[in-house]
Amino acid sequence: MRGRFRNPMACSVLTCDYLRMLILADDLGHLSYTVTGEGPPVVLVHAGVADHTMWDAVVPALAERNTVIRYDLRGFGESAPPTGPFSEADDLCRLLDHLGHESVRLIGASWGGRVAVNFALTHPGRVRSLTLLAPPWPGYGWSADMVAYDEAETAALEAGDLDAAVRVNLDMWLRGPGRGWEDVAPGLAERLRTPVRTSLVNQDAVGEHSLGGAAGDLATIAVPTLVGIGLLDVADFQDIARRYAAEIPGAALVEFPAAAHLIALDAPTELVAALRPFLTR
């Protein structure tokens, strides 16, 4: 069976932010994760330009009432890039099995939101509730602004200018199109710079080995669902968020006026305020 664990016992490493992480090793490398607090389990899945540290500002409040599990997707943060075919939904399933959680409340940001959707479609009985913060939509017809971003990142990487590619991503996903850097909280760009760099370094390996997400009908999702969108985000993602909210039965849409794409970084207090009552459902 692909992905059988060579060692089911977790060991630990020390990350750059001095947070001790645990390691779950398998035949493809390893996943790094943390567990904080006690109570009903909540899993946080980070964005594709970030790692588990993007949730730092919301974890203390959530951990007052919940067991909060954060992990780095393969090729992000402290998790090794994959060496063979993998599924992000399968990875999450293995992690939950390892931790002994049959079902969880699942929160995903950006690409992590799509991972959460795929997991809910493939393992519906293991999801108690679903929170999607600015998730992408497979096959979406991207705007000229998004195409220009992609072209700028590609040009920088092809020129071997990783620093320029990092700046392109920070401009798009942290600053966003609707504000200047003077309006972004001090220190956020530096916090995100290393995770963005790591994601870019490993993106070819991740893209080569990823088996992609599940095809499924959003109308079959039958758990409480919250969809969040920052009103300073790219217009494409505002449209996508509303599409998810319309197509998942009973989903609630929450807008964050002061946030761009990464809501947990821009508006952690407002995000916690929205999550606390929702996570009791």
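Let us look at the structure shown here.

Quick notes on the rules
- Residues numbered from 1 in each chain as written.
- Predicted model: local features only at pLDDT ≥ 70, side-chain atom pairs only at ≥ 80, totals over all residues.
- Heavy atoms only, no water.
- Helix = DSSP H or I, 4+ residues; strand = E, 2+ residues; numbered from the N terminus.
- Buried < 20%, exposed > 50% of the residue type's maximum accessible area, 1.4 Å probe, protein only.
- Contact = heavy atoms within 4.5 Å.
- Expected span 1.5 Å × (residues − 1).
- Core = buried A, V, L, I, M, F, W, Y, C linked by side-chain atoms within 4.5 Å.
- Pairing = 2+ DSSP bridges.
- Right-handed = clockwise from strand over helix to strand, strands pointing away.
- Phe/Tyr/Trp six-rings, centres within 6.5 Å; stacked < 30°, edge-to-face > 60°.
- Lys, Arg positive; Asp, Glu negative; His and termini not counted.
- Salt bridge = Lys/Arg side-chain N within 4 Å of Asp/Glu carboxyl O.
- Polar contact = N/O pair within 3.5 Å; in protein donor to acceptor, adjacent residues only side chain to side chain.
- Axes fitted to C-alpha atoms, helices over the stretch in contact; angles between N-to-C directions.
- Parallel < 35°, antiparallel > 145°, perpendicular 65-115°, else oblique.
- Left-handed = near helix turned anticlockwise from the far one by under 90°.
- Nonpolar A, V, L, I, M, F, W, Y, C, P; charged D, E, K, R; others polar.

1. Brief notes about the overall build of the protein chain
Point 1. Along its length, the protein chain carries 9 helices and 9 strands.
Point 2. Summarising its shape, the C-alpha atoms of the protein chain cover approximately 45 × 40 × 35 Å along the three principal directions.
Point 3. Among the 281 residues that make up the protein chain, the fraction classed as buried is 54%.
Point 4. Of the contacts formed within the protein chain by residues at least 6 apart in sequence, a portion of 72% connects residues at least 24 apart.

2. With respect to helix α3 (residues 111–122)
Point 1. Helix length check: α3, at 12 residues, gives a terminal C-alpha distance of 17 Å against a target of 16 Å (1.5 Å per residue), a fit within 8%.
Point 2. Burial within α3 is extensive, with 10 of its 12 residues counted as buried.
Point 3. Among the residues of α3, Gly112, Gly113, Arg114, Val115, Ala116, Val117, Asn118, Phe119, Ala120 and Leu121 are the ones counted as buried.
Point 4. Contacts from the buried residues of α3 go to β4 (41–45), β5 (67–71), α2 (88–99), β6 (104–109), β7 (127–133) and α7 (235–247).

3. Concerning unusual backbone geometry
Point 1. Although it is not a glycine, Ser110 sits at a positive phi angle of roughly 55°.
Point 2. Here Ser110 falls in the buried class, since its relative accessible area comes to 10%.
Point 3. Phi at Ala134 is positive, roughly 55°, even though this residue is not glycine.
Point 4. Along the polypeptide, Ala134 turns up in the loop between β7 and α4 (144–158).

4. Thoughts on the nonpolar core
One recurring pattern in soluble globular proteins: nonpolar side chains tend to sit buried together.
Point 1. Val43, Met54, Trp55, Tyr71, Leu106, Tyr244 and Leu271 are the most contacted members of the largest nonpolar core, which has 88 residues in total.
Point 2. When residues in this core are grouped by element, the largest group, 9 residues, is from helix α5 (residues 162–175).
Point 3. Leave out the neighbours within four places in its chain, and Tyr244 touches Arg114, Val117, Leu132, Pro135, Pro136, Trp137, Pro138, Leu218, Val227 and Ala251.

5. As for the pairing of strand β8 (residues 225–230)
Point 1. Across the 6 residues that make up β8, a large majority, 6, are buried.
Point 2. Side chains of β8 alternate between two faces, with Thr225, Val227 and Ile229 and Leu226, Gly228 and Gly230 buried alike.
Point 3. Of the pairings in the sheet, the one linking β7 to β8 comprises 4 bridges and is parallel in character. Bridging across to β8, Thr131 finds its partner in Leu226.
Point 4. Crossover β8 to strand β9 (residues 252–256) through α7 is right-handed.

6. Examining the packing of aromatic side chains
Two aromatic rings are characterised by how far apart their centres lie and by the angle between their planes.
Point 1. In this structure the tally under the stated criterion is 5 aromatic pairs.
Point 2. Ring geometry for Trp142 and Phe237: centres 5.4 Å apart, planes at 35°, overall tilted. You can see Trp142 sitting in the loop between β7 and α4 and its partner Phe237 sitting in helix α7, a full 95 residues away along the chain.
Point 3. According to the relative accessible area criterion, Trp142 is partly exposed, its value standing at 34%.

7. Quick notes on the side chain of Asp233
Point 1. Looking at the secondary structure, you find Asp233 in the loop between β8 and α7.
Point 2. For Asp233, which is buried and forms no salt bridge, the nearest opposite charge comes from Arg179, at a distance of 9.0 Å.
Point 3. At a separation of 2.8 Å, a polar atom in the side chain of Asp233 contacts the side chain of His261.
Point 4. Setting aside chain neighbours within four positions, we find Asp233 in contact with Ala134, Pro177, Gln238, Ala259, Ala260 and His261.

8. Points about the packing of α4 against α5
Point 1. Between α4 and α5, the least distance of the axes is 7 Å, while the angle of their chain directions is 160°. Here α4 is positioned roughly antiparallel relative to α5, judged by the angle of their axes. The chirality of how α4 crosses α5 is left-handed. On the side of α4, the interface is formed by Asp145, Met146, Tyr149, Ala152, Glu153, Ala156 and Leu157, while α5 contributes Leu162, Ala164, Ala165, Val168, Asn169, Met172 and Trp173.
Point 2. For the contact of α4 with α5, a count of residues per class yields 11 nonpolar, 1 polar and 2 charged.

9. Comments concerning the packing of α2 against α3
Helix-helix packing: each pair is described by the crossing angle between the helix axes and the interaxial distance.
Point 1. Taken N-terminus to C-terminus, the directions of α2 and α3 make an angle of 75°; their axes are 9 Å apart at the nearest point. Classed by the angle they form, the pair α2 and α3 counts as roughly perpendicular. Residues Glu88, Ala89, Leu92, Cys93 and Leu96 of α2 lie in contact with α3, whose contacting residues are Trp111, Val115, Phe119 and Thr122.
Point 2. Among the residues forming the contact of α2 with α3, the class breakdown is 7 nonpolar, 1 polar and 1 charged.

10. Section: the pattern of salt bridges
It is possible for side chains bearing opposite charge to pair when their charged atoms get close.
Point 1. Counted under the stated rule, the structure contains 12 salt bridges.
Point 2. Two residues, Arg197 and Asp163, come together in a salt bridge whose shortest N-O distance is 2.6 Å. Of this pair, Arg197 sits in helix α6 (residues 188–209) while Asp163 sits in helix α5; the two residues are 34 residues apart in sequence, bridging distant segments of the chain.
Point 3. For Arg197, a relative accessible area of 35% puts it in the partly exposed group.
Point 4. Note that Asp239 is salt-bridged to Arg243, the shortest N-O span being 3.9 Å. With Asp239 and Arg243 both in helix α7 and 4 residues apart, this pair spans about one turn of that helix.
Point 5. Its relative accessible area of 30% is what places Arg243 among the partly exposed residues.
Point 6. Connected through salt bridges with shared partners, the residues Asp26, Arg74, Asp91 and Arg94 form a single ionic network.

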